[in-house]
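The primary structure of each chain is shown beneath.
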Amino acid sequence: MEFSDHIKTANVEDVVLRQPLHPPSRGTLCITGHHLLFSDREEGSSRQILLLLRNIDAIEKSVENLLGYSGFLSKAAHSDRTPGSSGTITIKCKDLRVLQLDIPGMEQCLNIAHSIETLSCLDNVSEMYPFFYRPNDLSLREQWGLSTPEKHYTQIKELHKKWRLSSVNKTYSVCPSYPPVVIVPNSIDDETLKKVAKFRQGGRFPVLCYYHRKNGMVIMRSSQPLTGANKKRCKEDELLLQVVIEDSDKGFIIDTRSSQQVQQARMTGGGFESKSCYSRWKRLHKQMERGKALQESLIKLVEACGDESHNVDRWLSKLENSKWLSHVQTALSAAGLLVECVERDGHSALVHGYEGTDCTLLICTLAQLIMDPTCRTLEGFLALLDREWLQAGHPFQQRCAHSAYSHARLQQESPIFLLLLDCVWQLWRQFPLALGFSEALLLRLANEVYASDYGTFLCNNDQERCALEVKDRTHCLFQALLRLPERDYYSNPLYEPNELAIWPSVHPQSLQLWRGFFLRWTQQARHLEAVQEEIRSMVIEWHRVTQR
Amino acid sequence: MEHIRLPKVENVRLLDRVSPRRSRVGTLYLTATHSIFVESEAGGRSETWVLHSLVCSVDKQAASASGCPLLIRCKNFQILHFSIPREQDCQDVHLSLQRLSQPQRYEELYCFSYKPNVDEEERRRDWAFVDLKADFSRMGLPNAQWKLSPVNQQYKVSDTYPAELFVPDSAAPPVLVGSSKFRSRGRFPALSYYSKENHLNAIANRAAGKGYENEDNYSNIKFQFMGIENIHVMRNSQQKMLEVCELRSPSMSDFLEGLESSGWLKHIKAVLDTGVFIAKAVAEGISVLVHCSDGWDRTAQVCSVACVLLDPYYRTLKGLMVLIEKDWVSFGHKFTQRCNHLAGDPKEVSPIVDQFLECVWQLMEQFPCAFEYNENLLITVHSHIYSCQFGNFIGNNQRERRELRVHEKTHSLWSYLWTNRAEFINPLYRQNHSQSQGLLRPSTAPYCFKFWRGLYNRFDRGMHPRQSVEDYLRVIREETQQLEEQLDSHKQKIAELKQEQGWSDAHRAAAFDQSSTARALGKNLALANTPQDYTGSLLASTPGAADGPLVLAPQDPDQTADPNLSNGSDPESGIADVSCRSPLSEDSARDPDPDPDSDEAAYSAA
């Protein structure tokens, strides 16, 4: 099917666009296979607004057919094509912007609305815009991605004695959501790994994700063990975990579910590492919200932010009721707990919940940011995301198909990555000099993950990306962000490298609504952006003077 | 001194509110003006000073095996939780502090015994530092329409008004006296602010009245009722909010629900909404008369908020001082009663001036480049409004201050703040920034109102950001200025020396010497961090984990009181309350301290 089949009206003149922070403007609207283009016709200005259709989360249309009354309105009617009828399309974007288009002509309006509805949620990944995005200054042959398990392994020499690279998953047959190469204990051979994989949900056997240079302890992640109601055991799984802590008296398992939840999980074939079979591992439960509940939390928060007519009481009540900040608090304290195990207490840790593709990745990522200074630079942070989210198989396509406005029935959507960005923002607020990247980077990522010119966040895992040749046929976002002038823009001008752990405060008083994101289309967010510009120019001026 | 039943108690524990294991043992000394807790640990690093005039309440709780708890709440929102071994000692300290913190007579207030090292001539000059006449002449007054009236010289027309008032030129004394008889406490309409900008008679006025004007009798006037609650509602609301701030480890929902049900932010919004309404009217050239029932609470709040919105001058350091002096001190906000300086009617106490300061803070959060002063200034002014260390906020009106001879016997806060202004300057302030120009147009959407952690949880250091952008920017801004000045002077010298050659080395060395400061500063800041309590529910589920959770690292044990408020003999050391919020304070140099008691007990809870 061609895109043009979905486009009955490609151009409409005399459309009025209303958008936040701008006066209404009149111009021409065009729709293409991937974009909505609005060209401002006002004299002297040639402003254009290009919106990826993929960025559109929901639309609302209302049409008025006033033909019957055209006699009354003949003087007012300004369109000679379809006198008396008009329509309005309200576009709600995944970046939380709300636009309104007043379109003359009912039919045009319905056609445009239909095209948007169809083209904004195409299911076929290879028809998505990243496969068509061909800017002049980029070549498809440039390097793709920032980190792989191989690269990670090579960088950490200390690992080599006890850990090895395994290609057991090179055909993705052992674990479809893992990369082809993973880091595992030296003494565990591939045959053993295959057996362990069968004992873990989705084949996600325990792999290394972080090595703490300061004390040689590690963080591993996996999915839940499939003990089931019969308390099945797996000697290979027990062995794998045993060898990880053979030089130590114990390790910690951080389970992102409550102790009731793990008992219930056994009934559906899942389970947990019991004390009797994993005697030297201590299990800690830190219940985290996931899935649909998290998506609904986002929906409620965005709804609350969108209504300025509330009084303060109602606003606070809705903010509380959304529970979003509670999720931020839980995620940061789970990460804090993990860091305490590894950095303070000097023990290795294994993290998992159910599938090990969501909350597990969230707290592993946050823990690394808190502990490891190399993850806090712009490049280090993007490489961390590459390893811990893309390589590790967070199902972006499923989780980010829709955002807070969509009326579509929820499937697998869940804003866990957005929650990560919010937590990172909280860290940045508390340690404004310790992170090498700016709030602008977090905002950019929050956009790109839902709708992008780049192929980075396409698909659900490495296997799918490989099958669609994403690395050969699209451009890499991370590489683009590291090029000048973007690199400067996304760097934190106040950054000072810092070897210590940055322990976040998780008191409710210390956590704030991420205004830059949730209120980004308000005047208030603009003022805060102006402050960041002011800071940047102060630092540039200071550098200029001191280096003269 | 006769009020001190027990000058010294040993083996007192100062408990850490957030993490009980971090309590300290030491000796508590009671002096006439301060209570001082000195930690017995070797090194003697930590002293905690509490100024008695800042003490808001002292509560003795039921004794337990570990001692008798004594809870001291201060007006600057510091809370100290002592445990005293003997109940009798606790009782004595309790009674002493209750008496010491509630002076009966003005003469007992700290400002009359506070003697910093300032000579008499300087002290007098300091009082002249803020001059209201100068502010009125800044507004272009007197002029053809407005004149200075001598009618209240002897405080006979209104004993709560200042002696000097601006009134309409055509209003003869009999008219003013007539008007005053019709208004509560004789507070006839008088000029508060005159807008020179739009060359109209745009003014914000103030007056008092019980009841309100009958519209039929006032032509050309539109009434607007703004619905700000009374002092009792505000007092209760703040009380509720402070209870939320005090919760030991609240969940996010506990906190937000508590904040909502306190209603505090709703009241802040009401005050700001009214300020915005007045400011817009004045900016459009409409004069406004503002009053409430007496004209010294809500009226003072909204007039001063409107002034901050209208006039960039009041967003400068000096301007804020002038504004507080004008709308609050001179127009008779009843500081003694509202701030509970003397033992008096608890129903007269109300955080009206806190709300004004908070409105300014809320505006600063929206317009970070528009204010010359910073949050620290607001917090410091707040502290000193309550501390009674300076004479500015003593008494309920100008007449009382004159009778008390405050200007002869005490020191002024304003010049003190000015001397230390480096601490109070917002490095992001730009006079010519688009945010700084003319009328501020804040959003009053509900989500714009934030909880002011910096004030209400000021002493809970673990809650604040661990690194300060402001301190960093202040250093680089100073350095940039210095270097540019140096460069200018070097350019001059170059011109002079050019014939002689050999100039460049000196120049370079100078430039590079300087540039290291900010880098070093950044490093220091980076050190300030300690782990937090992340286990919450895990710990709560096992009260039996008696051998102690490892998760609670010692955290900033030296929560000293504001040294400025505590050290009467050395004003120059002041404003250290600012630095205790900043990561540059003494504790920042310490490494996060691994807890020697660490073990896995906390985790076994699971």
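Residues numbered from 1 in each chain as written. Chains lettered and ligands numbered in written order. Predicted model: local features only at pLDDT ≥ 70, side-chain atom pairs only at ≥ 80, totals over all residues. Heavy atoms only, no water.

For chain B, the name recorded in an unreviewed UniProt entry is Myotubularin phosphatase domain-containing protein, with Poecilia mexicana as its organism. For chain B, the Sequence similarities (unreviewed entry) comment in UniProt is given as "Belongs to the protein-tyrosine phosphatase family. Non-receptor class myotubularin subfamily." (UniProt positions renumbered as here; feature names shortened; annotations may be inferred.)

Going by the annotation in an unreviewed UniProt entry, the name recorded for chain A is Myotubularin phosphatase domain-containing protein, with Poecilia mexicana given as the source organism. Chain A has a UniProt comment under Sequence similarities (unreviewed entry) that states "Belongs to the protein-tyrosine phosphatase family. Non-receptor class myotubularin subfamily."

Peer 1: Whenever I open this one, the sheet that holds strand 7 (residues 79–84) of chain B confuses me. Can you help?
Peer 2: Within a beta sheet, neighbouring strands are joined by backbone hydrogen bonds and run either parallel or antiparallel to one another. Residue and element names in this part refer to chain B. Within the open sheet, the seven strands sit side by side as 4-3-2-1-7-6-5. Their pairing is antiparallel. The open sheet has two edge strands, strand 4 (47–51) and strand 5 (55–60), and neither has a second partner. The average angle at which neighbouring strand axes cross in this sheet is 30°, direction not considered. Two strands pair when backbone bridges link them, and strand 3 (residues 34–39) and strand 4 are joined in this way by five bridges, in the antiparallel orientation. Each bridged residue has a counterpart across the sheet, and for S35 the counterpart in strand 4 is V50. (Pairing = 2+ DSSP bridges. Helix = DSSP H or I, 4+ residues; strand = E, 2+ residues; numbered from the N terminus. Axes fitted to C-alpha atoms, helices over the stretch in contact; angles between N-to-C directions.)

Peer 1: So what exactly am I meant to see when it comes to empty space enclosed by the protein here?
Peer 2: It is a probe the size of a water molecule, rolled over the atoms, that shows where empty space is left. Residue and element names in this part refer to chain A. Tallied over the entire structure, the rule returns 11 cavities of 30 Å³ or more. Of the pockets and cavities examined, the largest cavity occupies roughly 280 Å³. Within the lining of the largest cavity, the residues separate by chemical class into 17 nonpolar, four polar and three charged. When residues of the lining of the largest cavity are assigned to domains, at least three fall in each of domain 1 (3–66 + 74–122) and domain 2 (149–513). (1 Å grid on protein atoms, 1.4 Å probe; cavity = no way out; pocket = protein on both sides within 12 Å on 5 of 7 lines; lining within 4 Å. Points joined across faces, edges and corners; volume = space filled by probe spheres on them. Nonpolar A, V, L, I, M, F, W, Y, C, P; charged D, E, K, R; others polar. Domains from an automatic or database assignment.)

Peer 1: Explain the domain arrangement of chain A here, please?
Peer 2: Note: interface size is frequently given as the accessible area lost on complex formation between the parts. Residue and element names in this part refer to chain A. Domain boundaries assigned for chain A yield domain 1 (3–66 + 74–122) and domain 2 (149–513). Averaged C-alpha coordinates put domain 1 and domain 2 at centres separated by 39 Å. The interface is formed by 13 residues belonging to domain 1 together with 13 residues belonging to domain 2. The contact between domain 1 and domain 2 buries some 1,100 Å² in all, and 59% of this surface belongs to carbon and sulfur atoms. For the domain 1 face of the interface with domain 2, the top three residues by lost area are D57, K94 and L96, together amounting to 45%. The interface formed by domain 1 and domain 2 holds zero salt bridges in total. Here domain 1 and domain 2 share seven residue pairs in polar contact (both at pLDDT 80 or more) between them. (Contact = heavy atoms within 4.5 Å. Buried area = accessible area lost by both parts, 1.4 Å probe. Salt bridge = Lys/Arg side-chain N within 4 Å of Asp/Glu carboxyl O. Polar contact = N/O pair within 3.5 Å; in protein donor to acceptor, adjacent residues only side chain to side chain.)

Peer 1: Help me out: how do you make sense of the packing of helix 9 (residues 317–330) of chain B against helix 11 (residues 352–366) of chain B in this one?
Peer 2: Pairs of packed helices are described in terms of their axes, by the angle between the two and the distance that separates them. Residue and element names in this part refer to chain B. In the contact formed by helix 9 and helix 11, the axes pass within 13 Å of each other and the chain directions differ by 145°. Taken as a pair, helix 9 and helix 11 cross one another with a handedness that is right-handed. Side by side, helix 9 and helix 11 meet where L320, L323, I324 and W328 of the first sit next to I352, V353 and F356 of the second. Here the contact of helix 9 with helix 11 is composed, by residue class, of seven nonpolar, no polar and no charged. (Left-handed = near helix turned anticlockwise from the far one by under 90°.)

Peer 1: Honestly, the domain arrangement of chain B in this entry has me stumped. Any pointers?
Peer 2: Residues and elements named next belong to chain B. For chain B, the domain assignment lists domain 1 (8–102) and domain 2 (225–461). Between the C-alpha centres of domain 1 and domain 2 there is a distance of 30 Å. The interface of domain 1 with domain 2 comprises 13 residues on the first partner and 22 residues on the second. Of the roughly 1,500 Å² buried between domain 1 and domain 2, counting both surfaces, carbon and sulfur atoms make up 52%. For the domain 1 face of the interface with domain 2, the top three residues by lost area are R17, K75 and F77, together amounting to 48%. Among the salt bridges present, the one from E246 reaches R73, with a minimum N-O distance of 2.7 Å.

Peer 1: Where do I start with the packing of aromatic side chains in this structure?
Peer 2: Given two aromatic rings, one states the distance between the centres and the angle between the planes to describe the pair. What the rule picks out here adds up to 38 aromatic pairs over all chains. For the ring pair A:F417 and A:F457, a centre distance of 5.6 Å and an interplane angle of 55° mean the geometry is tilted. With A:F417 in helix 13 (residues 416–430) and A:F457 in the loop between helix 14 (439–448) and helix 15 (462–467), the pair connects residues that are 40 residues apart, well separated along the chain. Residue classification places A:F457 among the buried positions, given a relative accessible area of 8%. Between B:Y193 and B:Y314 the ring centres are 6.0 Å apart and the planes differ by 65°, which places this aromatic pair in the edge-to-face class. In this pair, B:Y193 sits in strand 10 (residues 190–194) while B:Y314 sits in the loop between helix 8 (298–310) and helix 9, placing the two residues 121 residues apart along the sequence. This pair shows no difference in class: B:Y193 is buried, exactly as B:Y314 is. An aromatic cluster is present here, built from B:F77, B:F255, B:W264, B:W361, B:F451, B:W452 and B:Y456 joined pairwise through their rings. (Phe/Tyr/Trp six-rings, centres within 6.5 Å; stacked < 30°, edge-to-face > 60°. Buried < 20%, exposed > 50% of the residue type's maximum accessible area, 1.4 Å probe, protein only.)

Peer 1: Is there a simple way to think about the pattern of salt bridges in this case?
Peer 2: Pairs can form between side chains of opposite charge whenever their charged atoms are close. Using the criterion set out here, one finds 56 salt bridges over all chains in the structure. Its salt-bridge partner being A:R544, residue B:E484 comes within 3.4 Å of it at the nearest N-O pair. Remark: A:R544 occurs in helix 20 (residues 523–547) and B:E484 occurs in helix 17 (residues 469–497); the pair is interchain, linking two chains. In this structure B:E484 comes out as partly exposed when scored by relative accessible area, which is 29%. A:R544 gets classed as partly exposed once you look at its relative accessible area, which sits at 41%. Residues B:R124 and B:E120 are paired through a salt bridge, measuring 3.3 Å at the closest nitrogen-oxygen approach. Remark: B:E120 and B:R124 occur in helix 2 (residues 120–127); sequence separation between them is four residues, near one turn of the helix.

Peer 1: Looking at this structure, how should I read the UniProt feature "domain: Myotubularin phosphatase" (unreviewed entry) in chain A?
Peer 2: Following the UniProt record, the feature "domain: Myotubularin phosphatase" (unreviewed entry) maps to residues 143–518 of chain A here. Along residues 143–518 of chain A one finds 43% helix and 9% strand; the C-alpha atoms at either end are 34 Å apart.

Peer 1: When you look at the pairing of strand 7 of chain B in this model, what are you seeing that I'm missing?
Peer 2: Where a strand is regular, its side chains alternate between the two sheet faces. Residue and element names in this part refer to chain B. The buried fraction of strand 7 amounts to five of the six residues, a majority that puts the element mostly inside the structure. Of the strand pairs in this sheet, strand 1 (residues 8–15) and strand 7 are connected by three bridges, and their pairing is antiparallel. Its bridge partner being in strand 7, L14 is matched across the sheet by F82. Of the strand pairs in this sheet, strand 6 (residues 68–74) and strand 7 are connected by six bridges, and their pairing is antiparallel.

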